[in-house]
Amino acid sequence: MKTSVKLGKGVEELVGPFDENLKLLERCFQVSTHLGDQTLEIEGEESEVRRVHQLVEEYTELVESGMHFRSSEVQAFLRILGDDRAVTLKRLAEAGRPRSLGKKSVTPKSVNQRRYVDAIERHDMVFGIGPSGTGKTYLAVAMAVDALLTKEVSRIILARPAVEAGERLGFLPGTLQEKVNPYLRPLYDALYDVLDPDRVERYVEKSIIEIAPIAFMRGRTLNDAFVILDEAQNTTSEQMKMFLTRLGFNSKAVITGDITQIDLPNGRRSGLIEAIDVVARVEGISFVYFTERDVVRHSLVQRIIRAYEEYEAAKNHNGRPAKTEDVSSGGGPENGERGFP
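Read on for an overview of the structure. Since we're looking at a predicted model, the values are computed, not measured.

Quick word on empty space enclosed by the protein
Overall, the coordinates contain four cavities of 30 Å³ or more when judged by the stated rule. Approximately 40 Å³ is the volume found for the largest cavity. Residue lining of the largest cavity: Leu14, Leu55, Tyr59, Phe69, Val74, Phe77, Leu78 and Leu89, and that is the complete set. Mapped onto the lining of the largest cavity, the elements with two or more residues apiece are α3 (46–64) and α4 (71–83). Element by element, the count of residues in the lining of the largest cavity is highest for α4, at three residues. Of the residues that constitute the lining of the largest cavity, the class distribution is eight nonpolar, no polar and no charged.

Some points on the sheet that holds strand β3 (residues 39–44)
The three strands lie next to each other as β1-β3-β2, forming an open sheet whose pairing is antiparallel. The open sheet terminates on both sides in strands that have one partner only, identified here as β1 (2–6) and β2 (31–35). Taken pair by pair, the neighbouring strands of this sheet meet at an average axis angle of 25 degrees, ignoring direction. Pairing analysis gives five bridges linking β1 to β3, with the strands arranged antiparallel. Residue pairing across strands places valine 5 opposite leucine 40, the latter belonging to β3.

Rules used in this analysis
- Residues numbered from 1 in each chain as written.
- Predicted model: local features only at pLDDT ≥ 70, side-chain atom pairs only at ≥ 80, totals over all residues.
- Heavy atoms only, no water.
- 1 Å grid on protein atoms, 1.4 Å probe; cavity = no way out; pocket = protein on both sides within 12 Å on 5 of 7 lines; lining within 4 Å.
- Points joined across faces, edges and corners; volume = space filled by probe spheres on them.
- Helix = DSSP H or I, 4+ residues; strand = E, 2+ residues; numbered from the N terminus.
- Nonpolar A, V, L, I, M, F, W, Y, C, P; charged D, E, K, R; others polar.
- Pairing = 2+ DSSP bridges.
- Axes fitted to C-alpha atoms, helices over the stretch in contact; angles between N-to-C directions.

This is the structure in structure tokens:
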């Protein structure tokens, strides 16, 4: 089947630099395209041509209604639409509404990111589990800042286990806080990305935002707070139980981690893995699982994560790694709220 669709505003972002978005569209939907002056010609299987035609029409409608898309956002949407035939661009764009957080707007860029944001809005405790680069921590921090600025909570508490520090903190110069700061740096980076540095420093000085190792949480009850535990795969069972029981009134907790990157000493079970077994069916707790498809860094990162997953799977199955034939294709288990893959 062959057809053409009229192009409107935002064509530069739709096409992408050096036509890279069009090339991605062709790969995702198995069609060929030809760009004219004001039209896009589409050729391929009838069902796929109709989907692309609808996609372009919806894109034009959304842009003309005032919505703006960056080229990178278009790429993210194309990958989602290529994977999930039940989703439309309009639904995806409207469900993943931008959030203005001081100096920037944050928008979920994958199906699981949308599930994650929705889960945080609807539940008091959410686990976000998956590989690095999927936006687990960044979106949690953005939601925390949103809750703070809209006065849903009065403070943000960000915690992380400083696993590599342990008893070796003495090798580092400075006070205890200065010794553990390098392990908390990623949390500061996320904050600085959504809030002006001066505002972050002011909130930290007034303890409106607190960033500390998880050990500092012991013995506390956290009321009227948005609490994030990052790198939770590196907590011990005792630390995880301690953290999960800190939640007070009018508070939310988000726990993020990657169970494939555990840095605990041999013989110590990850508190995150144990929590999956213990509290997965507790009412009021939501689990959202991410895969390499949700990675919003360089597209090469997705392929690297996939390659490592295939390497580990082959090694566990055969006792030795098998040759990886294709690390660029999609696949993997379907993931979402609750239910470990």
